[in-house]
Amino acid sequence: MDSGIDLQQSFISLLEGLGLSHSLAKVVWLPLPMVLIVGAVTVLALVSTWLERKVSAAAQQRIGPEFMGPQGLLVPAADVLKLLTKEDVFPAKTDPWLFALAPLLVFIPVFLSFLIVPFGQNLVITDLGIGIFLWISLSSIAPIGLLMAGYASNNKYSLLGGLRAAAQSISYEIPLALSVLAVVMMSNSLSTIDIVNQQSGYGILSWNMWRQPVGFLIFWIAALAECERMPFDLPEAEEELVAGYQTEYGAVKFMLFYAGSYANLVLSALLFAVLYMGGWESPIPVSWLASLLGVSENAGWFQAIAASLGIVMTLFKAYLLLFLAILLRWTVPRVRIDQLLDLGWKFLLPISLVNLLATAGLKLAFPLAFGG
Amino acid sequence: MNLAEGVQIVSFGILAFMMLASAIGVVLLNNIVYSAFLLGVVFVSISGLYILLNAAFVAAAQILIYVGAVNVLILFGIMLVNKRRDFARIPNAWLNQGVTALVCGGLFALLSSMIIATPWSISTAPIAGDAALVEIGKHFFTDFLLPFELASVLLLMALIGAIVIARREFFPEEGEDLSAESNLTLPERPRELTGGRR
């Protein structure tokens, strides 16, 4: 596999050409991908809130936002502006420190997890050796923030919502981690880059979704539960709990929860695409297309096109999944809390264990197809 | 000293301060919920120290297990068993606290003198870095197989124990007098494991 475009190297050599020392050039480079990814994630989350409005409107045969910008595209921006300028209220007898800290604890791990999301061979902030494991461990911090929010709000609905959120989050983390583990076993690596590379070669046929059909479903169900999406949005079930742990929140702190939940949804969709749908790989392999057209794969312009195609592909898959999640929200009724925990512990957990065992067996039996 | 070393020293300082300060907070704060949250900060700072030691996997496992599981369960326990009750002041409480502080201080002095006095055999092997994961796996299935399996048996025992305790499903009938019960027992009684109503 050719390394493709290396933006870091070219940027650093560009700065060195301007007369900067190597280490200084690296320092200038360091914040760039981080700022880029924070900006990009914010935009992606905002787009998904717009998508939620539009798709839900379509599902209910309404038109949805229309007048703020073309097709209501400016609604998310107006939302942010409104929440930023609202008064920041601490309700009576809340615990001010914990109340202010909780949204941050939910928000920051989600954004940190974007470190490992690859958009191309070199289009990732860090290719960590522990890769996908970082996401699993960071996502386990969120329940603490939820419990903190529930406790600090001094409101019974909030406390119940926080407890439900934590229970749901720790129960569904286990099937999620086990289904990821099956993929990791097939790829022989935790690194997201290696996981995608292992799925390249035969285009859509080599994606993990065909080899891990059970894990594919388990991951999606568990990811929806982790994101507190509709069939599983018990922590904020509005008929029962007002808004769960978010009840007392407003203004910027509410915005952090809101942005965190949508960023988490985008993150789950992206990682789902990476784990099961070949990440940045196209359904028809690019190298095959190149040889068909008689173009050298190492030509600069071809690599630029391939890299942008990779980004488009990743985002396309992620937004397809997001669309699916939003459709699910407007078609499926909410489960009860006991049904939710039953599903997690008595159904998904055994199935994912069996899936892991079967993957291990198949890997031993057919090392060629299941990554020896 | 280049940039990387400077960053390392500064982050070590910050992490060590965070860890010590929050550990002291865990012990000294009166509100048990604050203590539990600060315990999370302690775990996160320890995981930061692991990252400084190039042990990324251990750091992530630390966060997953201690912050994501242990600390969440502690918080969960505190918030579910929220018995609002004023405890009677114990006379001469300072004596208890003084003795505890003395014992803890003595333990600390003993352990630190042991750490300083022991001639540790420091490994000269190159730092594994990202390959550490593979090394850990190999050790788990060769020379550390027995402790690894024993730990899993221990966890299994805890699991079964938790299920047995959680099967208490009796709730007191109306009018039944429970005021004679002490503060330390739950109103639930264990249910017979097989057959019958309650």
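A quick note: this is a predicted structure, and the numbers were derived from the prediction, not measured.

Next up on the list: the side chain of S268 of chain A. Its location among the elements puts S268 of chain A in helix α13 (residues 251-276). The class of S268 of chain A is buried, set by a relative accessible area of 3%.

Mean pLDDT over chain B works out to 81, with 81% of the residues at or above the 70 mark. The least confident element of chain B, judged by mean pLDDT, is helix α5 (residues 132-140) of chain B at 84; the most confident is helix α4 (residues 93-117) of chain B at 90.

Further remarks concern the packing of helix α6 (residues 131-139) of chain A against helix α3 (residues 56-80) of chain B. As a packed pair, α6 of chain A and α3 of chain B sit with axes 8 Å apart at the nearest point and diverge in direction by 25°. The angle between the axes of α6 of chain A and α3 of chain B places the two elements in the roughly parallel class. The two elements α6 of chain A and α3 of chain B meet at a crossing, and its hand is left-handed. Between α6 of chain A and α3 of chain B, the residues in contact are F133, I136 and S137 of chain A and F57, A60, A61, I63 and L64 of chain B, respectively.

Despite not being glycine, Q61 of chain A has its phi angle at roughly 55°, a positive value. Judged by its relative accessible area of 76%, Q61 of chain A falls in the exposed class.

Residue and element names in this part refer to chain A. The final tally for this structure, using the stated rule, is 19 aromatic pairs over all chains. Geometrically, the ring pair formed by F216 and F272 is tilted, given 5.0 Å between the ring centres and 35° between the ring planes. Residue F216 is located in helix α11 (residues 213-226), and its partner F272 is located in helix α13; the two are separated by 56 residues in the primary sequence. Ring geometry for Y249 versus F257: centroids 4.9 Å apart, planes at 85°, classification edge-to-face. Residue classification places F257 among the buried positions, given a relative accessible area of 2%. The positively charged end of K253 is found above the aromatic ring belonging to F90, 4.1 Å away from the centroid.

All names here are of chain A. Scanning all chains against the criterion turns up five salt bridges over all chains. Residue D79 pairs with R53 through a salt bridge whose shortest N-O separation is 3.1 Å. With D79 in helix α4 (residues 75-85) and R53 in helix α3 (residues 31-59), this pair connects stretches of sequence that are 26 residues apart. Judged by relative accessible area, which is 26%, R53 ranks as partly exposed. The closest approach of N and O atoms between K253 and D88, which form a salt bridge, is 2.8 Å. With K253 in helix α13 and D88 in the loop between α4 and α5 (96-113), this residue pair connects regions lying 165 residues apart in the sequence.

Quick look at the environment of I284 of chain A now. Along the chain, the position of I284 of chain A falls in the loop between α13 and α14 (286-293). The class of I284 of chain A is partly exposed, set by a relative accessible area of 46%.

So, how was this worked out
- Residues numbered from 1 in each chain as written.
- Chains lettered and ligands numbered in written order.
- Predicted model: local features only at pLDDT ≥ 70, side-chain atom pairs only at ≥ 80, totals over all residues.
- Heavy atoms only, no water.
- Helix = DSSP H or I, 4+ residues; strand = E, 2+ residues; numbered from the N terminus.
- Buried < 20%, exposed > 50% of the residue type's maximum accessible area, 1.4 Å probe, protein only.
- pLDDT = per-residue confidence, 0-100.
- Axes fitted to C-alpha atoms, helices over the stretch in contact; angles between N-to-C directions.
- Parallel < 35°, antiparallel > 145°, perpendicular 65-115°, else oblique.
- Left-handed = near helix turned anticlockwise from the far one by under 90°.
- Contact = heavy atoms within 4.5 Å.
- Phe/Tyr/Trp six-rings, centres within 6.5 Å; stacked < 30°, edge-to-face > 60°.
- Lys NZ or Arg CZ within 6 Å of the ring centre and 35° of its normal.
- Salt bridge = Lys/Arg side-chain N within 4 Å of Asp/Glu carboxyl O.

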